[in-house]
Amino acid sequence: MLRLQLPTDPRWANKVEENLEDILSDHAWCEQKAATNAIMLIINNAEKEDLVTAMTEISIEEMQHFQMVHDIIKERGYEFLRERKDDYVNDLMKFLKKSSDGSREGGLIERLLFAAMIEARSCERFKVLSENLKDEKLAQFYRDLMESEAAHYTTFINLARKYAGNIDVESRWKAWLEHEAEIIANYGDGVTVHG
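Residues numbered from 1 in each chain as written. Predicted model: local features only at pLDDT ≥ 70, side-chain atom pairs only at ≥ 80, totals over all residues. Heavy atoms only, no water.

- As annotated in an unreviewed UniProt entry, the chain carries the name tRNA-(Ms[2]io[6]A)-hydroxylase and is attributed to Flavobacterium bernardetii.

Have a look at this one:
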């Protein structure tokens, strides 16, 4: 369904398990940033009622996920670490800036595909964690979140299709998938959600 071209090596989950404090803090920040992205889409597209409704739901859900991850951090006696730069997302952001044609419509479509890309990779990473973590409680937690990320991915793709006008969303999505495959090839050794 996600059509990602380069799967995550399951051994990445072993590195995560050895550094849970780091990954959980990074994960919490990812949820916060996803909520902020949804809010920015509302701010910039207030006239699109269905988009505002969908982004309101997503922003609330992402902040609920933030709270859930933060609760796990507290329960385990970990420190909630300060936000770190997300190189993966920054690499995607560079592509977003290059790929927009400068029009408001084009900018919206690219922003929706950018968000869909992040949700797709997060969903795939959560699947890897759910299938490979020895910690059964965390494995179940990531299994549940994987389903939510898949629903968000679908929402962003569907909104891009709805508002595409004369933009070929399928060819744009293919370009995003190809670019993401080049980017993600440089990751997989880090203890971050996208690292």
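## A few points about the overall build of the chain
Piece 1. Helix and strand content of the chain: seven helices and zero strands.
Piece 2. Taken from N to C terminus, the helices and strands of the chain fall in the order α-α-α-α-α-α-α.
Piece 3. Compactness check: the chain gives a C-alpha radius of gyration of 16 Å against a globular reference of 16 Å for 195 residues, within 12% of the reference.
Piece 4. Principal-axis analysis of the C-alpha atoms gives the chain an extent of 50 × 30 × 25 Å.
Piece 5. Within the chain, the fraction of its 195 residues that count as buried is 50%.
Piece 6. Taking the contacts inside the chain whose residues are at least 6 apart along the sequence as the reference set, 83% of them involve residues at least 24 apart.
Piece 7. For the chain, the accessible surface area stands at approximately 9700 Å², while carbon and sulfur atoms represent 52% of it.
Piece 8. Within the chain, the 37 negative side-chain charges are centred at a point lying 4 Å from the centre of the 25 positive side-chain charges. (Helix = DSSP H or I, 4+ residues; strand = E, 2+ residues; numbered from the N terminus. Rg over C-alpha atoms; globule rule 2.2 N^0.38 Å. Buried < 20%, exposed > 50% of the residue type's maximum accessible area, 1.4 Å probe, protein only. Contact = heavy atoms within 4.5 Å. Areas by Shrake-Rupley, 256 points an atom, 1.4 Å probe, with all protein chains shown as cover. Lys, Arg positive; Asp, Glu negative; His and termini not counted. Charge placed at Lys NZ, Arg CZ, Asp CG, Glu CD.)

## Let's talk about the packing of aromatic side chains
Piece 1. Per the stated rule, a full pass over the model turns up eight aromatic pairs.
Piece 2. Aromatic side chains Trp-29 and Phe-80 sit 5.1 Å apart centroid to centroid with 20° between the ring planes, which places their arrangement in the stacked category. Taken together, the positions of Trp-29 in helix H2 (residues 20-44) and Phe-80 in the loop between helix H3 (49-75) and helix H4 (87-99) put the pair 51 residues apart, joining distant regions of the chain.
Piece 3. On the basis of relative accessibility, which here comes to 25%, the residue Phe-80 falls in the partly exposed class.
Piece 4. With a centroid separation of 5.9 Å and 45° between ring planes, the pair formed by Tyr-153 and Trp-173 is classed as tilted. In this pair, Tyr-153 sits in helix H6 (residues 136-162) while Trp-173 sits in helix H7 (residues 169-184), placing the two residues 20 residues apart along the sequence.
Piece 5. Given the relative accessible area of 6%, Tyr-153 is considered buried.
Piece 6. By relative accessible area, Trp-173 is classed as buried at 2%.
Piece 7. Sitting over the ring of Tyr-163, Lys-48 keeps its end group 5.3 Å from the ring centre.
Piece 8. Directly above the ring of Trp-12 sits Arg-125, whose terminal nitrogen or CZ lies 4.6 Å from the centroid. (Phe/Tyr/Trp six-rings, centres within 6.5 Å; stacked < 30°, edge-to-face > 60°. Lys NZ or Arg CZ within 6 Å of the ring centre and 35° of its normal.)

## Concerning a nonpolar patch on the surface
Piece 1. Together, Ile-39, Met-40 and Ile-43 make up a nonpolar patch on the protein surface, roughly 270 Å² of accessible area in all.
Piece 2. Within the secondary structure, Ile-43 is located in helix H2.
Piece 3. Looking at Ile-43, the relative accessible area reads 54%, which means it is exposed. (Patch = residues over 30% accessible without salt bridge, like charges linked within 9 Å, V, L, I, M, F, W, Y side chains within 5 Å. Salt bridge = Lys/Arg side-chain N within 4 Å of Asp/Glu carboxyl O.)

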